[in-house]
Every structure is written in structure tokens, then in C-alpha cells.
Amino acid sequence: MLDFLWLPFLACLVLTGIHVYLGLHVLARGVIFVDLALAQVAALGISVAFLAGHPIQSEAAYWYALAFTVAGAALFAASRAHRAPLPQEAVIGIVYAVSAAAAVLVVDRAPQGGEHIKTLLVGSILTVSGREVAELALLYGAIGALHAAIRRPLLEISLDPDAARARGLRLRAWDLLFYITFGIVVTSSVRLAGVLLVFSYLIVPAAVATLLSASVPARLLIGWGVGALVSAAGLWASFAWDLPTGAAVVTSFGALMALVALGLGARRLAQRVRAQGAGALRGVGALLALAIAAAGLLLLAFPGMDHPWLDWLEAAAPPVRLAFLTPGERAAHRDSREAMDRGAAELARLRALQQDVQWGTRAMPAEQQERLRQFLAGRAEIVAGDRMVLATLRSHARARQRVWLGLPLLLAGAGVAAWLARPRATSRRGAGG
């Protein structure tokens, strides 16, 4: 696995190094979707090049994308410097929407347009070469050195634009330089990693770092650590479960962001409990009670829909379902479950055998291979029939659970939520007050 993934991981580290720093500027400026918009503009440029007959990874496609991105960067710099009545976020949103729509129109005229769109969204970082990683590292290193040399005015413009304007800094010139270098980074990254992955590397590590620290150097260190950790986790998940690499890394970023948010929320709640006592948990308890009431209401009103909480409860405690089946239905449930488990085990064994034959690790005559294929098809239909029987029995149980479980949950959850949400009793004034 290491021989296969070390180059993609190195590419992810290169992306992390420059994108975390730029992401801190983006968050400070409040233009969260500027990266997504510029990435989409770059994707539009690549789409136009693709329609013109240039491969996605060609130099011509890169220069098409860079030209489009520089134009977008100039527009964003001008929209911020002029302080027009139209918010810059509106300009960014319009540019993104129009670029996305135009890209769809362009690839509609190109062969294999669907594959092209997929490549632009999630990239092809798994097939990156050592030369591409080296070129990106050199380019981003040069841009990073430039930003290090001019970090003071750029940070001041990002963190306190009013003070920078009062000091006489030329915001338009500095913004144009920032957005052009930013556009070069985005253009180079989109070809390798895709729009979604570039956006994730820019925003998520910087957002996590901003939540955890107020110091710019500390945010950089935290962001770099987060980017490296999530890159390793996403690449491992992609390899272990045979998932699309870009989508796996983006989802890993989302999972980490959710964990950090939950952790910070739990810490804040613990601080409130220490300061206010158990009364600080009233809001959490009311929300949990409302969730219980909502689950009961949905079960009562729509027993046929999926109820994951009830599925988990029945998986942990099967009597919860069996108690709502007649004796004959319980016997059918038991027989179908046993038959399905046996059939699934047999299918797994035979599919492993078929795979060995296909890979040439085990010999089998062609006639027996055909028999094996037919047997697998028949066995799969039998297992599917057992699953249908179990699904039918589950629907029977749900029809009875809707009243005996749904109604009590609704009443109990609503009652507890109302009790917890009631105003606290205020202390009475003294007799002489």
C-alpha cells in the first residue's frame, strides 16, 4: 500500500502547505467561496480547452485555465477595492453559478462530457507522477516565498482592511497581487485534485485552526497538521474500501470538521455545567426529548418509511421486532433469517472461488465456470427472496409498532420537552419587598 500511495500523499502535503495559508486569508476576508468560484472558473477554462481538442492534463489546457482564472481574480479584486453596494459574496456567487452553467454547456458539446465533469470535481490525485509533485512543490514554494516577503501588508489588509486603508495602503494593487497568486495556485491544483478537493484543502484546515487558536502562526501549524492527518486517513480509506480517492479525502475532511465541532460543543457544555450546575443541561435535554417526540410522530404517521433508530434497536434487541409478530410470522422470520444467512455465506464462498478463477489463481474448465455462474445467479435470487420475506414481516411489525411505540414516544417526548422548556421559577421577594 505504501508503494502505491506515497506519491498521492506527498501531493496532498504539497497542497496542504500552500492552501492552509491562503485559507487563513480567505476566512479573514470573509470570502469563503472565492476558492470554489475561482476553481470553477479554472474548470471552465479547462472545459473550453477540452472542447478545442486539448487533453485535460496538457499545457494548453493549463494556460486556458490560468487565463480564465486571472480574469476572475481581477474581477474579485476590483469588486473588493471599489466597495460597491453589491456585496463581494454576491459577485463570487454569480461568477460561480455562471461558470458552472457555462462549463455544463461546453462539455455538453464535447465527447465523454460526463467523465470530464467527474474529473474536474474529484480530480485524479491517485495517478499523480513524481514530476507533477515536484513541479507543484517548486511553484508553490515560489509563491509561498513571495507571500512570506509581503506578509505584513497582506495580513493587515485581510485582518483589518479599514486600518490598512487609513494607513494609505493601495488595496486594489495588493488585492490584485493576492488574487492572481491565489488564482495560479487554484488553477494548478484543480488539474490535479479537482474542484471539491481544492476547496476542502483551502477551507477545512483553516477553519479548524481558527476554531482552536487565535494566533496566526499557531493556526498555520494546526492547519498543516490537520491537512496531513486527513490526507493520510482519506487515502487509507480509499485504498482499504476501494473508494474514489478525491471523494474519500473530502468526506474525511467533513468528518473531522464534525468531530471538532462536537468536541468544542461538548467542552462548552461542560464549562456551562461547571458554572451553572445541572440546569445548563435543560436545553440539551429538551432537544433530545423533541427528537424522541419527532421519531414517535414519524413512526405513527409513516410506518412504512425507514426508521434507522428502530432498525438499530431491533438489531441490538431482536425481541423488539419479534414481540409485534404473530407466532406464525415469528416462525417465518426465523426460517427466512437462517436461510438468508446460509445463502449469504455460500454466495461469499462461491464468489471468492469465481474471483480466483478469473484471476488465474485456480483452474476450472469452461463448462464448470458456466455452471458456477448460473448457480450464483440462482442462489442470489433465493437470497433476494428471503430478504423480501423479511422486509414484508418488518412492515407488518411496523404497522403494529406505530401505535404501541410511536404514540407513547410522541407523548412522552413532547411532555418532557414542554417540562424542560418551561420558564424557571423566580425567587419571591422578601416579605418587606
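Read on for a plain summary of the structure. Sequence order as written defines the numbering, with residues in each chain counted from 1. Totals for whole chains, interfaces and linings use every residue, but because this is a predicted model, local features are given only for residues with pLDDT of at least 70 and side-chain atom pairs only at 80 or more, for both listing and counting. In computing side-chain values, all of the structure's heavy atoms are included and hydrogens and water are not.

**So, the overall build of the chain**
- Counting from the N terminus, the helices are DSSP H or I runs at least four residues long and the strands are E runs at least two residues long. When its secondary structure is counted, the chain shows 17 helices and zero strands.
- The C-alpha atoms of the chain give a radius of gyration of 29 Å, which is well past the 22 Å a tight globule of 433 residues would have.
- Across its three principal axes, the chain shows a C-alpha extent of roughly 100 × 85 × 40 Å.
- Whether two residues touch is decided by their heavy atoms; if any such pair falls within 4.5 Å, the residues are in contact. If you take every contact in the chain between residues at least 6 apart in sequence, the share linking residues at least 24 apart comes to 77%. The quantity called the radius of gyration is restricted to C-alpha atoms. Its globule counterpart is 2.2 Å times the number of residues to the power 0.38.

**Section: the nonpolar core**
- We define a nonpolar core as any set of buried Ala, Val, Leu, Ile, Met, Phe, Trp, Tyr and Cys residues linked to one another through side-chain atoms lying within 4.5 Å. Throughout, exposure labels follow a simple rule: accessible area from a 1.4 Å probe, protein chains only, divided by the maximum for the residue type, with under 20% read as buried, over 50% as exposed, and the rest as partly exposed. Counting 63 residues, the largest nonpolar core has Leu 22, Val 34, Phe 76, Tyr 179 and Phe 182 as the members making the most contacts within it.
- With 12 residues, helix H1 (residues 2-29) is the largest single contributor of residues to this core.
- Apart from residues no more than four positions distant in its own chain, Phe 76 is found in contact with Val 34, Ala 37, Leu 38, Gln 88, Val 91, Ile 92, Val 95 and Tyr 179.
- The next biggest cluster of nonpolar side chains, apart from the first, holds 10 residues, and it includes Leu 353, Val 357, Val 383 and Leu 390.

**Considerations on the pattern of salt bridges**
- Salt bridges are defined as contacts in which a side-chain nitrogen from Lys or Arg sits within 4 Å of a carboxyl oxygen from Asp or Glu. On inspection of all chains with the given rule, the structure shows nine salt bridges.
- Of the charged contacts, one joins Asp 311 and Arg 398 as a salt bridge, the two residues approaching to 2.5 Å between their closest N and O atoms. Of this pair, Asp 311 sits in helix H14 (residues 308-316) while Arg 398 sits in helix H17 (residues 366-421), placing them 87 residues apart in sequence.
- According to the relative accessible area criterion, Asp 311 is partly exposed, its value standing at 23%.
- Classification of Arg 398 by relative accessible area gives buried; the value is 4%.
- Measuring nitrogen to oxygen at the nearest pair gives 2.6 Å for the salt bridge that ties Arg 321 to Glu 314.

**Focus on helix H16 (residues 327-358)**
- How far a helix is expected to stretch is found by multiplying one less than its residue total by 1.5 Å. Counted at 1.5 Å a residue, the expected span for H16 with its 32 residues is 46 Å, and the 46 Å between its end C-alpha atoms agrees.
- Every buried residue of H16 is listed here: Glu 329, His 333, Ser 336, Met 340, Gly 343, Leu 347, Leu 350, Leu 353 and Val 357.
- Buried positions along H16 lie against helix H15 (319-322) and H17.
- Just past H16, the residue Gly 360 takes up positive phi, approximately 80 degrees.

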